[in-house]
Amino acid sequence: MVGEKNTLMPIKVKKLNFEKGHRKLLSDISCEIKAQGITIILGPNGAGKTLFLKCLHGLINSSTCEITFANKTLNTNIRKQQSMVFQSPILLRRSVFKNISFALQQRTKIINKEKILKVLKRVDLLNLVNENAILLSGGEKQRLCLARAIVTLPKVLFLDEATSNLDPYSIQIIEKIIKEVNRKGTKVIAVTHDLLQAKRLADDIIFINKGKMSEFTNAKIFFSKPKSREGKLFIAGKLVV
């Protein structure tokens with residue numbers, strides 16, 4: 001699977017605007033996200049990062065914008081080839097195993113026990129396979145959410161602050177898996193405000209501030225010579241207002 005062409009890429013965004021009430025939360029965002037590497041959406045709190053991610057995933061629609069995957073408008077078939085992990089774990093009130101089997105059955109109509117146990121081993125939850133998912137720790141819950149997201153082998157994996165407030169062990173596991181699935185052909189698009197995590201993971205950076213895209217560039221360039229004033233302030237650890 002390494003090097004396999006990702007048939008959902010590139011993702012093209014044309015003039016994305018989003019208003020709620022009389023507030024413009026996203027303003028004229030246009031970009032083309034290519035298949036290679038891990039794309040990190042970076043910016044201060046309240047910048048519009050999560051909103052932008054939800055628009056990409058199709059959870060929120062903007063009537064003024066066109067978002068395409070390999071030149072095709074988002075549809076049910078495309079959605080079935082994507083997964084998303086939210087900041088707060090969303091789990092079913094059933095066992096760890098059944099949380100994974102439910103997701104797999106919804107996508108493929110087949111429950112593959114071997115595949116489920118294999119993915120649970122990857123996130124170090126195999127010893128908790130029969131536990132009620134609701135009783136897991138915060139880090140364990142989020143690792144289960146990631147396992148559920150990747151068991152279907154998505155072509156695009158969206159992550160919204162997926163390691164926020166987690167223990168270091170869980171962060172390490174999640175970051176390792178993010179790199180692994182990306183190497184095998186899954187496009188990863190992740191939101192974070194954690195500069196150190198962005199430096200560890202990012203191949204390119206979309207920097208958003210006040211609902212506008214200030215920069216979209218190679219990660220090494222962004223962290224060494226950001227072009228925007230907001231980007232310079234952010235990586236210097238200063239308040240972006």
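An account of the accompanying structure is given in this report.

Parameters and conventions
Residues numbered from 1 in each chain as written. Predicted model: local features only at pLDDT ≥ 70, side-chain atom pairs only at ≥ 80, totals over all residues. Heavy atoms only, no water. Helix = DSSP H or I, 4+ residues; strand = E, 2+ residues; numbered from the N terminus. Rg over C-alpha atoms; globule rule 2.2 N^0.38 Å. Buried < 20%, exposed > 50% of the residue type's maximum accessible area, 1.4 Å probe, protein only. Contact = heavy atoms within 4.5 Å. 1 Å grid on protein atoms, 1.4 Å probe; cavity = no way out; pocket = protein on both sides within 12 Å on 5 of 7 lines; lining within 4 Å. Points joined across faces, edges and corners; volume = space filled by probe spheres on them. Nonpolar A, V, L, I, M, F, W, Y, C, P; charged D, E, K, R; others polar. Axes fitted to C-alpha atoms, helices over the stretch in contact; angles between N-to-C directions. Parallel < 35°, antiparallel > 145°, perpendicular 65-115°, else oblique. Left-handed = near helix turned anticlockwise from the far one by under 90°. Disulfide = S-S within 2.5 Å. Pairing = 2+ DSSP bridges. Core = buried A, V, L, I, M, F, W, Y, C linked by side-chain atoms within 4.5 Å.

Within the protein chain one finds 9 helices and 10 strands. Whereas a compact globule of 241 residues would reach a radius of gyration of roughly 18 Å, the protein chain reaches 18 Å, a difference of no more than 12%. If one aligns the C-alpha atoms of the protein chain with their principal axes, the spans along those axes are about 50 × 40 × 40 Å. For the protein chain, the residues scored as buried account for 51% of the 241 residues in total. Long-range contacts, defined as pairs at least 24 residues apart, comprise 68% of the intrachain contacts of the protein chain with a sequence gap of at least 6.

With that out of the way, let us pick up the layout of surface pockets. Sizing a probe to match a water molecule and rolling it over the atoms shows the empty space that remains. Quantified by volume, the largest pocket comes out at close to 510 Å³. Residue lining of the largest pocket: 22 residues in total, with Met-84, Phe-86, Ala-103, Arg-107 and Arg-148 positioned closest to the centre. Taken together, the elements giving at least two residues each to the lining of the largest pocket come down to β6 (82-85), α3 (96-108) and α5 (138-150). When the residues that make up the lining of the largest pocket are grouped by side-chain class, the tally is 12 nonpolar, 6 polar and 4 charged. As a volume, the second largest pocket reaches approximately 360 Å³. Along the wall of the second largest pocket there are 14 residues; nearest its centre are Lys-115, Lys-118, Arg-122, Ile-150 and Leu-153. Of the residues forming the lining of the second largest pocket, the biggest block, 5 residues, is contributed by helix α4 (residues 113-122). Taken together, the residues that form the lining of the second largest pocket break down as 7 nonpolar, 2 polar and 5 charged.

Our focus in this paragraph is the packing of α3 against α5. Viewed as axis vectors pointing N to C, α3 and α5 meet at an angle of 30°, and their least axial separation amounts to 8 Å. Between α3 and α5, the interaxial angle falls into the category roughly parallel. The interaxial crossing formed by α3 with α5 has right-handed handedness. Taken together, the residues of α5 that come into contact with α3 (itself represented by Val-96, Asn-99, Ile-100 and Ala-103) are Leu-144, Ala-147 and Arg-148. Of the residues belonging to the contact of α3 with α5, the class tally is 5 nonpolar, 1 polar and 1 charged.

Moving on, we come to the state of the cysteines. Counting across every chain of the model gives 0 disulfides. Not engaged in a disulfide, the cysteine Cys-65 finds its nearest cysteine sulfur in Cys-55; these two sulfurs lie 7.2 Å apart. Of the residues examined, Cys-65 reaches a relative accessible area of 17% and is grouped as buried.

Moving on, we get to the sheet that holds strand β5 (residues 72-73). Pairing is antiparallel across the open sheet formed by 4 strands, whose spatial order is β2-β1-β4-β5. Of all strands in the sheet, those with a lone pairing partner are β2 (23-33) and β5, marking the two edges. With 7 bridges connecting them, strand β1 (residues 11-20) and β2 associate as antiparallel partners. By the bridge assignment, Val-13 is partnered in β2 with Cys-31. Its contacts with the sheet place helix α1 (residues 49-57) against β1, β2 and β4 (66-69), and it is angled at close to 55° to β2.

Mapped onto the elements, Thr-217 comes out in strand β10 (residues 212-218). Excluding residues within four positions of it along the chain, Thr-217 makes contact with Asp-204, Ile-205 and Phe-222.

Moving on, we get to the nonpolar core. Ranked by internal contacts, the top residues of the largest apolar core, which has 49 residues, are Ile-40, Leu-42, Leu-120, Leu-144, Leu-157, Leu-159 and Ile-205. Sequence-distant contacts of Ile-205, defined by excluding residues within four places in its chain, comprise Ile-40, Leu-42, Ala-198, Glu-215, Phe-216, Thr-217, Ala-219, Phe-222 and Phe-223. Ranked by size, the runner-up nonpolar core spans 28 residues in total, among them Leu-16, Phe-18, Phe-52 and Ile-189.

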